[in-house]
Amino acid sequence: MAKEIIDGQTMTRALTRITYEIIERNKGIEDLVLVGIKTRGVFVAHRIESRLKQLENINIPVAELDITPYRDDQTHEEKDISKVKTEPLNIDINNKHVILTDDVLYTGRTIRAAMDALMSAGRPKKISLAVLVDRGHRELPIRADFVGKNIPTSQKEKIKVSMKEIDGEDKIEIE
Amino acid sequence: MKRYLILEDGTVFPGEGFGSSIITTGQLVISNNRTGIEQSVTDPDAEGQILAFTIPSVGNSGINRDFYESINSQCKGVVIGSSSRSTVDGSISFEDWITSLKIPGIKNVDVRALAKHIAEHGEMKASIMDTHDEHAIDQIKALVLPPDLVKRVSTRQSYPNPNMGLKIVIVDLGLKYSILRQLSYRDCNSIIVNYNSTVEEIEDLHPDGIIYSNGPGDPKDLPRTIKNIQILQKKYPLLGIGLGSLLIALANECQIVKLAHPHHESSLAVKEVASGKIDFVNHNHSYTLDQKYIGSSDFIVTNVCVADGTIEGIRHEFLPIMGVLFEPEAAPGPTDGYYVFDEFIDLIESVKQQEGVRSQWS
Amino acid sequence: MELDDVHTILIIGPTNSDKNVDLSTALYDTVNILHQLGYKTSIIVENPTSLLSSGVFYDKTMVEKVTGENVLKYVNKYHPDAILPTVGDRNALGIISSLNGKIGTTKILGPNFAASLATFKRELFIKRLTKAHLPVIKFISSDDEKEIYSFIRSIGFPIIARRRYSNRHSSGWTNINNLFELDNFMALEDIEDTKIEIERSIRGFSEYSFTILRDRYDNSSLVGTIEDIEPIGIHHLDSNLISPAISLNDSKLQRLRNYSIKLARAFNIIGICTVHFAYNHVTNESYITEFIPRLSEETKFLEYATSYPVATAVAELCLGYHLDKLQLDAGSFFNGATEPFVDHITSRFPQWKTPGQKYLGPSKTSDSSIVVNGFSLEEVLNKGALNDKLNNNFDRYNELRKLDDDELFEKIIHPTNWMLDVLLEALRRNFEKPVLSEITGINPPYLSALQNIIDNSLIIREGEIDGKNVERMVEMGVKGVGHSKLLLDSSDIVTKTVVKNKQAVSVANNDFMNHNYFVTSGISNELELSDRKKFVVRTPIITSKTDIMIRQFVLFQLAKSIDQNGLEPIIIGREPWNAPLEMRRKVVEIDDPHMEVKSLGLIDNDSVLNIIDLSKNLVDTDDKRVFQFSAQEIKNIDLEGNTSVRVMVVSDGENYLAPSVIYQAKRDNHLYEISSVNNFMTPEDRADIAELITQELEDDHNVDIYNFEMVKNHDHWLVTKKYRGMTNDIIRHELASSVHVIDTLVKLLLGNKIDSDLSLEKIFDNFDEKYLLTIDDKKYKLLDKEEIQNKLTELSKTEA
């Protein structure tokens, strides 16, 4: 049975805190670009963007990244990355500080794929990672710069993130 | 017995005396707190103050001694409209309690008229007396309220509030016990120190974070504490509450202003700027930060009062410093603000994590 | 910001049941703001007079039984974007809970399906609350005797029980304290499909209710708290209510506040939710007993108490507005994110139509209520429950005095609606307060307040009134008992009789400023008047539901008209009147239970142009400015006719208008009434009726309203009844007639004239398009011209 481990208020608070940390560690947010990994990472990006706007009155560009074609953990027969066409990023990331956002950080493969996609789209000055949940079990040397909540899990467990924009309510469940 | 509440400007409010029969003078504060008379009267912020409560039928709910915010009350007098002779839980009645604390009180005062007068003319000194002649009014005018309010309420000796978690040093400017209650709830291992403790004394305690507490009076009367903040803020995460946050602001070239309409109300809405989330929290402050200086400072405004736009929360852009003007520990008031303590702990944890990363890689 | 896919809204209106509370102001405010914000609204309503308006705000008005079936029919035909059930009382929630899965993409605003259902289904209520870690009382609903007895064994006595019938209705709760009572309850004959519901009795606990507002973004605010003087076991609306809840200390208050918010979150209720609590001050146990996710008697009372525009805010919150960004009307914003601070006590006292004692229990028996304000418990008790003018407390006192101690004790054990009087008598006889409190469940502060009142009435009765006693008396709220003059004249008093605003001084209170005042004691007056000339309306206390509706309607129309004619409306009532929001900032309203305002001289007599008095008996008949509004019977001939008309006439003393004629016919034991039949009258009838009116008014030379009843007998019209002033027909006349009678009256009182030599056409002029057919004063239908013509023909055919 699914058990709610983070409620809406806690999620809201975690996103606010990530925003404060982004401001704090970047000494200004001029060069920032937010890139959300589809689907829920995009909502995370938008929520951070609206918070930054409220606090600093600056509009930060937000882009969406669909990394399904890049995933190396998929059993697609098609593995030749160079042949996969992705939606081009609609913003310029050259010399920008890109903050990649996703809902859950797990093996790290999704993030690696996202970074591949970013690199093929330009040459960012720096890439940081912000996630709502870090659940451990990394298979690659990847670590998030901004974490909403660290949640220890067994590999058998599933983490389910619900967000208002798509699921009607904010919560994180474990099952 | 008939007594009079006399304001500095000569306005007289007649009423009936209760409690101690001494003549008293203090800064008159109009409190719109819905509940928590016990907390307000024992709050060290009440040092040197005459508290006028505007709620009707004071004391029905009884007096709960578990709600004390300090051991001894510092309040100089209480003013109320109506009160109840007995209590719902059989505890001591409000008037008997005030008598036992040896505080002078005056009841059957038209507190609405009083609140209106103060709202129009600003906060002022007042006195509870037996007569209301010219002489009495001259006396109040001549009286200078002591500027060393914090000195009177701050602990002289450091003392611990032991636990097993993060080590927090609390600089006591007039600390409410409920701040300690919130820290205990979060397993914090706290040490409470005098407001004038030196930087070295605080550093010797190896804190994970420092809290500058709430307290009475004008922040400009505390230049040494402000200097200490300027040094300590570079090394430790700071949380300022009430007076504490004003000191942090002053230590960072922000200016403060006196509020046209002071906030003394146990439930006023505060909005978190980032998320738009509205919380109802206890307010007890007459000063806030000057909007004009905040833009050029290194602070961002994190919370504002919904009703009048007053700055209620700040955060440093680069350093782990946060401050709130309202009282996150409630006591009295809604508990919506408790999250501020979680946020401060998150702030400390995140600093620790960063340091961990740095030391791993260096 | 707001829901962008909602444009058309169906409102579930009130039913015509007497059990319904009057939410007419709330309904008016709701549709008014929806209209101003550009939504298209329709309403299903049983009695269109409850709309307080002739329907200008509505796209469609359906006069039909307010049932799930009819709502579904509408939805299938017109596909509204959303349904709003918040103003439809309990019935609307029943309808919502029956609509699950049947209304396609139509949204439910406010309380959703699950929340609505949980207000009816105890099992669901308990399941959801338990899941959300909210405290509920153990409960069983079963038709299996074994299960029931096993449950009773597990919780022990006392318990409460009721039968739940398959049609959603239920018997009232019964208190069961022992085996004997249990046997009696179980022995009642079972109707088929009946379940027995039992829960642990929390009788004697203190009752509280908390009302919160909540927006779609999970922001909640506590808009008000109420406590019952009487304990659980006596129906909430039969209890004397006090707001704010003054007996809760900080931790208790915050605990219940947090529970309320958590409950609204658990059900995801948007808009408003009132949560009821049982609290035991000895053990500190608390339970949620029920919740009401809609506007109700309580929310109406809180709007009185706090001046917060509850109904308007709820409509906007339901549509997705942010709590801190609400609008009073299409132009002015207000911050709804406040927990209104009140520095006075507002109290609601239940009223019973018939005198004599009524035993009170878990089922409601009272017929109506009166609201009073004051700065102390003693003051509100004196103005309300112990106000001899309302409750004949002196007679009660005399009756109770005759009882011996044992008989009196009996009254203390079995609570009646005389409880406060009984307690006064018990305190007079020095019964011990702790014992009284324990037996009655009434908390000690109220007993102390009663004691204070006794001590004071002793002072009055012994006639020792001097400056000092007066001070104490004023403090206790003893006012309006003939001592006002003394209070006004005395030079050295702590407090005197003054008028205060209902709004406390707070940084958060400024956005919904209004002019609601009450007479109380203090050192300064707050009444602020504009320099416009004044038009005063005085209203008596009104208790029956029909009269309340009429008062609501008449006051609103009067205030509106006075304002539009350039004068300042001042409404002085024995109890408060909550004007619809659009009027609330324009009208000065003063609650004056003891009618003292006049002697205070706050309203400059010269600035008052006119006074309309709604009471049945006038005090100051010599004042030429006073116009008596309510009907005085002048003629009453006992003559029955199958067909008759009721004509309303406004006269300026010389000429008159008869803009509204109601046709009335009895057929087959049914009474048919049709409004605005002016347009269907033959020229002969018009001439006849006009002639009769002219005759009747021959000797009257003042501005006045008349109501005639005329019977057609052998082709001749005869006047059978004549009233000077306004009868209960006013709402029907006003709603049905395109000529606004009340506005015309105000204009005439201000000196305007009706044109002389008007044609019959003009006298009976009325250009309505919809006509109201009423059957037996219960069923209402709105028909168009052709349908009415057919009905009239049909009725005249069967004429005997």
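Residues numbered from 1 in each chain as written. Chains lettered and ligands numbered in written order. Predicted model: local features only at pLDDT ≥ 70, side-chain atom pairs only at ≥ 80, totals over all residues. Heavy atoms only, no water.

Peer 1: Give me the lowdown on the domain arrangement of chain C, citing residues and values where you can.
Peer 2: Quoted interface sizes are often the accessible area lost when the parts come together. Residues and elements named next belong to chain C. On domain assignment, one finds that chain C holds domain 1 (8-118), domain 2 (139-200), domain 3 (208-348), domain 4 (376-476), domain 5 (508-628) and domain 6 (643-799). Of note, the centres of domain 3 and domain 5, computed from C-alpha atoms alone, are 28 Å apart. Taken together, the 16 residues of domain 3 in the interface contact twelve residues of domain 5. For the pair domain 3 and domain 5, the summed buried area comes to about 1200 Å², and 54% of that belongs to carbon and sulfur atoms. Sorting the residues of domain 3 by area buried against domain 5 places Tyr304, Ser307 and Leu328 first, and these three jointly supply 42% of that buried surface. If you look at where domain 3 meets domain 5, you find two salt bridges. Between Arg584 and Glu303 there is a salt bridge; the shortest N-O distance is 2.7 Å. At the boundary of domain 3 with domain 5, the tally comes to two residue pairs in polar contact (both at pLDDT 80 or more). A per-element tally of the side of domain 3 that touches domain 5 places helix α9 (residues 297-306) first, with three residues. Split into classes, the residues belonging to the side of domain 3 that touches domain 5 amount to seven nonpolar, seven polar and two charged. (Domains from an automatic or database assignment. Contact = heavy atoms within 4.5 Å. Buried area = accessible area lost by both parts, 1.4 Å probe. Salt bridge = Lys/Arg side-chain N within 4 Å of Asp/Glu carboxyl O. Polar contact = N/O pair within 3.5 Å; in protein donor to acceptor, adjacent residues only side chain to side chain. Helix = DSSP H or I, 4+ residues; strand = E, 2+ residues; numbered from the N terminus. Nonpolar A, V, L, I, M, F, W, Y, C, P; charged D, E, K, R; others polar.)

Peer 1: Mind laying out the pattern of salt bridges, listing which residues take part and the relevant values?
Peer 2: All names here are of chain C. A full pass over the atoms with the stated rule returns 69 salt bridges over all chains. Across the pair Glu379 and Lys383 runs a salt bridge whose closest N-O atoms are separated by 2.8 Å. Residue Glu379 and its partner Lys383 are located together in helix α11 (residues 377-383), separated by four residues, close to a single helical turn. Lys383 matches Glu379 in its accessibility class, with the two residues each being buried. (Buried < 20%, exposed > 50% of the residue type's maximum accessible area, 1.4 Å probe, protein only.)

Peer 1: Lay out the nonpolar core with the relevant residues and their values.
Peer 2: Counting residues in hydrophobic clusters, the biggest one holds 92 residues, and the most contacted among them are C:Ile9, C:Ile11, C:Leu213, C:Tyr308, C:Ile612 and C:Phe629. At nine residues, helix α20 (residues 545-564) of chain C tops the list of elements feeding residues into this core. Leave out the neighbours within four places in its chain, and C:Leu213 touches C:Asn219, C:Ser220, C:Ser221, C:Val223, C:Gly271, C:Ile272, C:Tyr308, C:Ala313, C:Val314, C:Leu317 and C:Leu323. Residues A:Phe146, A:Ile174, B:Leu289 and B:Ile314 belong to the second largest nonpolar core, which totals 68 residues. (Core = buried A, V, L, I, M, F, W, Y, C linked by side-chain atoms within 4.5 Å.)

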